[in-house]
Amino acid sequence: MRGAGKNNGVARAASVVMGAALLFGSAACGGSGGTDENATDKKAKAAASATPGGGAGATGGATAATTSTPSGSPSPAAVSGPETERLKDLVLALGEKAGPYETGLALLDEPFDEIYDASPAVCQPLTGLGRAGHTAQAYARLSVPDEVSGVDTDVLLRSYKDAGAAGSVMKSLAEAGKRCAAGYSEERTLVDAKVLRVEPVPAPKLGDEAQAYRIVVQDVKDKGVSLYTYLTLVRSDATTLSFRSDLLGVDDFGGVPGEIVTAQWEKFSRGAGAGSHGVAAP
């Protein structure tokens, strides 16, 4: 774990090692019956946690993909987000539970997706926010223990120099959601992936603002098969909380599990004093 940006010496090195190992392995493609580079990438991500896959769930409810909940008194723009050690205390810790989900051991200090490149570049926030100029981060990965296939969720807390900088991250994601709605491409570890479409979904009523999207990806072996990823991003003052869920399979599992969003928000808000910014929907 480091203070800012990507640890190119550790995260990328780990990804290269994973990628090299994966070149000699195979992953079953849901619905295609052959080796699937999309599934291989997902298995590489799963390898970043000692706890295997989990069950499905849905995002906390709102009525639009973007929500904004005003706080009683906005923080000054110059107030920065928590430092690294503080964020580590605020993120869900190893062994903490959220409904049936549990935090496993993460081998990297950020989600595997953060090393992917999106084309066109305006779509990058839908793939990873690691280039948005954060000052600190903390990462957790949750799944259902003892399930080998299911929903896995990456939780990433990031601090910025002030609320304005964190707000710019939200604006960039909103712009990507609009301009990349018809799809884009991702340069992954082993193969390029084609994102077919990006769709807004109900966002939780949390923080100062929140957004949520469903990202539909074409299977690289069977163009008739779609795979699903869900992304939720919440901003509270100068901190963002991101949740990215996917599945080793072809089912549309409905969204980021609400239990995870609620558990992480409650822990964060208790520690950061953000409780007045909203509550998760049932």
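Model, not experiment: these values are computed from the prediction.

Criteria and cut-off values
Residues numbered from 1 in each chain as written. Predicted model: local features only at pLDDT ≥ 70, side-chain atom pairs only at ≥ 80, totals over all residues. Heavy atoms only, no water. Phe/Tyr/Trp six-rings, centres within 6.5 Å; stacked < 30°, edge-to-face > 60°. Helix = DSSP H or I, 4+ residues; strand = E, 2+ residues; numbered from the N terminus. Buried < 20%, exposed > 50% of the residue type's maximum accessible area, 1.4 Å probe, protein only. Disulfide = S-S within 2.5 Å. 1 Å grid on protein atoms, 1.4 Å probe; cavity = no way out; pocket = protein on both sides within 12 Å on 5 of 7 lines; lining within 4 Å. Points joined across faces, edges and corners; volume = space filled by probe spheres on them. Nonpolar A, V, L, I, M, F, W, Y, C, P; charged D, E, K, R; others polar. Salt bridge = Lys/Arg side-chain N within 4 Å of Asp/Glu carboxyl O. Pairing = 2+ DSSP bridges. pLDDT = per-residue confidence, 0-100. Contact = heavy atoms within 4.5 Å.

**Student:** Can you help me understand the packing of aromatic side chains in this one?
**Tutor:** Centre-to-centre distance and the angle between the planes together describe a pair of aromatic rings. Following the criterion strictly, the structure yields two aromatic pairs and no others. Residues Tyr-230 and Phe-253 carry aromatic rings whose centres are separated by 5.1 Å and whose planes lie at 65° to one another, so their mutual orientation is edge-to-face. Placement of the pair is Tyr-230 in strand E10 (residues 226-236) and Phe-253 in the loop between strand E11 (239-247) and helix H6 (258-272), with a sequence separation of 23 residues. Both rings, one in Trp-265 and one in Phe-268, keep their centres 5.8 Å apart while their planes meet at 45°; by these two values the pair is tilted. Of this pair, Trp-265 and Phe-268 are both found in helix H6, three residues apart, which corresponds to roughly one turn of the helix. As far as the burial class goes, Trp-265 and Phe-268 line up, both buried.

**Student:** Explain the state of the cysteines here, please?
**Tutor:** Should the sulfur atoms of two cysteines be covalently bonded, the bond is a disulfide. Under the counting rule described, the total for this entry stands at one disulfide. Here Cys-123 engages in a disulfide with Cys-180; their sulfurs sit 1.9 Å apart. Taking the sign of the S-S torsion, about -100° here, the bridge from Cys-123 to Cys-180 comes out left-handed. Of the two residues, Cys-123 is situated in the loop between strand E4 (117-119) and helix H4 (124-127) and Cys-180 in the loop between helix H5 (163-179) and strand E7 (184-187); the sequence distance between them amounts to 57 residues. Note on Cys-180: relative accessible area 0%, which makes it buried.

**Student:** Please explain the environment of Val-151 as it appears in this structure.
**Tutor:** Note that Val-151 resides in strand E6 (residues 151-159). Taking the C-alpha atoms as reference points, Val-151 and Phe-253, separated by 102 residues in sequence, lie 7.8 Å from one another.

**Student:** I'm lost on empty space enclosed by the protein in this one. Help?
**Tutor:** For the structure on display, the rule yields two cavities of 30 Å³ or more. Put simply, the largest cavity is a space of about 120 Å³. Forming the walls of the largest cavity are 15 residues, and the residues nearest its centre are Glu-114, Leu-156, Leu-231, Ser-242 and Arg-244. At the level of elements, H4, E6 and E11 are the ones that each hand at least two residues to the lining of the largest cavity. In terms of residue count, E11 provides more of the lining of the largest cavity than any other element does, four residues in total. In terms of residue class, the lining of the largest cavity is built from six nonpolar, four polar and five charged.

**Student:** What exactly am I supposed to notice about the pattern of salt bridges here?
**Tutor:** Enumeration over the complete set of coordinates arrives at 14 salt bridges. The partner of Arg-214 in a salt bridge is Asp-252, with the nearest N and O atoms 2.4 Å apart. Pair noted here: Arg-214 is in strand E9 (residues 209-218) and Asp-252 is in the loop between E11 and H6, with a separation of 38 residues, a long-range link. What makes Asp-252 partly exposed here is its relative accessible area of 36%. When salt bridges that share partners are traced, they join Arg-197, Glu-199, Arg-214 and Asp-252 into one network.

**Student:** Whenever I open this one, the pairing of strand E8 (residues 192-200) confuses me. Can you help?
**Tutor:** Two faces make up the sheet, and in a regular strand the side chains alternate between them. Bridge count between E7 and E8: four bridges; the pairing is antiparallel. Looking across to E8, one finds that Glu-186 is bridged to Ala-193. With antiparallel pairing between neighbouring strands as the criterion, E7 and E8 make up a hairpin whose turn holds four residues. Two strands pair when backbone bridges link them, and E8 and E9 are joined in this way by six bridges, in the antiparallel orientation. Of the residues in E9, the one forming a bridge with Glu-199 is Arg-214.

**Student:** Would you mind showing me how to read the confidence of the model for the protein here?
**Tutor:** Caution applies to low-pLDDT parts of the model: their predicted coordinates are not meant to be read in detail. Looking at the protein, pLDDT values average 77 and 69% of them are 70 or higher. Here helix H1 (residues 11-22) stands out as the element of the protein with the lowest mean pLDDT, 39, in contrast to strand E2 (residues 97-98), whose mean of 98 is the highest. In the model, residues 42-64 has pLDDT below 50 throughout and makes 97 contacts with residues more than four positions away in sequence or in other chains.

**Student:** Can you walk me through unusual backbone geometry in this structure?
**Tutor:** Among all residues save glycine, negative phi is the norm, and among peptide bonds the norm is trans. Between Ser-119 and Pro-120 the backbone carries a cis peptide bond, its omega angle lying at 0°. Counting through the fold element by element, Pro-120 comes out in the loop between E4 and H4. Notably, Asp-237 is not glycine yet its phi reads approximately 55°, a positive angle. With respect to the helices and strands, the residue Asp-237 is situated in the loop between E10 and E11.

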